Amino acid sequence: MEAYTDFAQVYDLFMEDVPYEAWKEFLVEMLQKQGIMEGLVCELGCGTGKMTRLLAQSGYDMIGIDVSQEMLSIAREQESEGILYLAQDMRQFELYGTVRAVVSICDSMNYLLEEAELEQVFRLVNNYLDPDGIFIFDLNMDYKFRERMGTQTFSEHREEGSLIWDNYYDEEEKINEYALTIFLRQKSGLYRKYEEIHYERCYELSEIMRLLKRAGMEFVSACDGEDHGPVREDSERIYVLARQHGKKTGCDRNTHRSMV
């Protein structure tokens with residue numbers, strides 16, 4: 001699993017159009033519909049902490065986990081809202097106790113290239129959730145990799161730097177490769193070149209459901225990432241809601257609530 005290193009310096013600059021506020025509102029809606037109005041929530045793959053901070057501002061006690069020291073360094077420079085940031089690989093993450101919910105956005109789960117890795121993350125999440133705690137995560141889907149990204153080159157240019165994104169999607173292997181070339185302006189006015197290569201794997205919803213079950217979790221529901229309706233063949237991104245399973249709780253709860 002690749003960690004953002006040089007790209008961390010300009011990540012927020014080139015991701016400024018990401019609708020974090022809208023995503024936050026939907027996450028909070030899902031949390032509240034599952035009865036989680038407050039309490040401890042962990043974000044896996046928190047990056048520079050934008051969503052972590054938004055959820056903290058919404059009243060949750062947040063833990064942010066990311067494998068990239070560079071991304072976390074930027075996150076810690078911001079107003080922390082009492083957030084605990086941990087530099088950990090999500091495949092091996094450890095918490096000091098259980099949490100009410102775990103969330104993960106910006107296709108962090110797609111970075112797990114092997115089924116065994118994804119299943120292990122699901123097992124760890126199940127272990128660190130309170131009884132009936134929930135896990136909300138998003139995924140990029142085949143339609144996006146194939147039709148929107150494919151084999152293309154994207155570029156953005158700002159005063160602070162430039163980004164060139166060379167994308168290649170292997171439809172047979174379901175692996176998306178993107179090579180990032182970054183030109184970052186230095187104090188001298190000259191530009192320094194950085195290069196990174198990242199990989200994401202496309203998973204079908206049926207595969208996610210199977211791996212959740214094998215990990216001991218309960219699949220609850222999934223929806224389209226844009227209109228929050230049913231998952232379609234042309235869904236570019238989806239949300240998945242799963243619930244902790246196997247721990248004793250003091251009361252029975254409806255285990256098939258809708259996401260919205």
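Before reading further, recall that the structure is shown in the block above.
Undergrad: I keep staring at helix α2 (residues 20-33) and nothing clicks. Help me out?
TA: What sets the pattern is the α-helix's 3.6 residues per turn: residues three or four places apart point alike. Given a rise of 1.5 Å per residue, 14 residues ought to cover 20 Å, and the 20 Å separating the end C-alpha atoms of α2 matches this to within 8%. Among all positions of α2, only Tyr-20, Trp-23, Lys-24, Phe-26, Leu-27, Val-28, Met-30 and Leu-31 are buried. Just downstream of α2, Gly-35 is the residue with a positive phi angle, here 85°.

Undergrad: Explain unusual backbone geometry here, please?
TA: The general pattern is negative phi for most residues beyond glycine and trans for most peptide bonds. Despite not being glycine, Asp-107 shows a phi value in the positive range, around 50°. Relative to the helices and strands, Asp-107 is located in the loop between β4 (99-104) and α5 (115-128). By relative accessible area, Asp-107 is classed as buried at 14%. With a phi angle near 60°, Lys-174 is a residue other than glycine that sits in the positive phi range.

Undergrad: Can you walk me through the nonpolar core in this structure?
TA: Soluble globular proteins: nonpolar side chains tend toward being buried together. In this structure, Leu-44, Met-109, Phe-122, Phe-135 and Ile-208 are the most contacted members of the largest nonpolar core, which totals 34 residues. Residue assignment for this core shows that the elements contributing at least two residues are β1 (39-44), β2 (60-66), β4, α5, β5 (129-140), α7 (205-214) and β11 (237-243). When residues in this core are grouped by element, the largest group, six residues, is from α5. With residues up to four places along the chain from it excluded, the contact list for Leu-44 reads Ile-65, Met-90, Phe-93, Val-102, Val-103, Ser-104, Ser-108, Met-109, Val-121 and Val-125.

Undergrad: Explanation requested: the environment of Met-149 in the structure shown.
TA: Within the secondary structure, Met-149 is located in helix α6 (residues 142-149). In this structure Met-149 comes out as buried when scored by relative accessible area, which is 11%. Sequence separation between Met-149 and Asn-176 is 27 residues; the distance between their C-alpha atoms is 8.8 Å. Filtering out sequence-adjacent residues up to four positions away, Met-149 remains in contact with Lys-144, Phe-154, Trp-165, Asn-167 and Asn-176.

Undergrad: So what exactly am I meant to see when it comes to the pairing of strand β8 (residues 175-185) here?
TA: Along any regular strand, the residues point their side chains to alternate faces of the sheet. Here strand β7 (residues 161-170) pairs with β8 via 10 bridges, running antiparallel. When the bridges of β8 are listed, Ile-164 appears paired with Thr-181. In textbook terms, the turn of a hairpin is the stretch between consecutive antiparallel strands, and for β7 and β8 this stretch comprises four residues, one of which, Lys-174, has a positive phi near 60°. Where β8 folds back onto strand β9 (residues 191-201) in an antiparallel hairpin, the turn is made up of five residues, including Gly-189, whose phi is positive at roughly 95°.

Here is what the cut-offs are and how they apply
Residues numbered from 1 in each chain as written. Predicted model: local features only at pLDDT ≥ 70, side-chain atom pairs only at ≥ 80, totals over all residues. Heavy atoms only, no water. Helix = DSSP H or I, 4+ residues; strand = E, 2+ residues; numbered from the N terminus. Expected span 1.5 Å × (residues − 1). Buried < 20%, exposed > 50% of the residue type's maximum accessible area, 1.4 Å probe, protein only. Core = buried A, V, L, I, M, F, W, Y, C linked by side-chain atoms within 4.5 Å. Contact = heavy atoms within 4.5 Å. Pairing = 2+ DSSP bridges.

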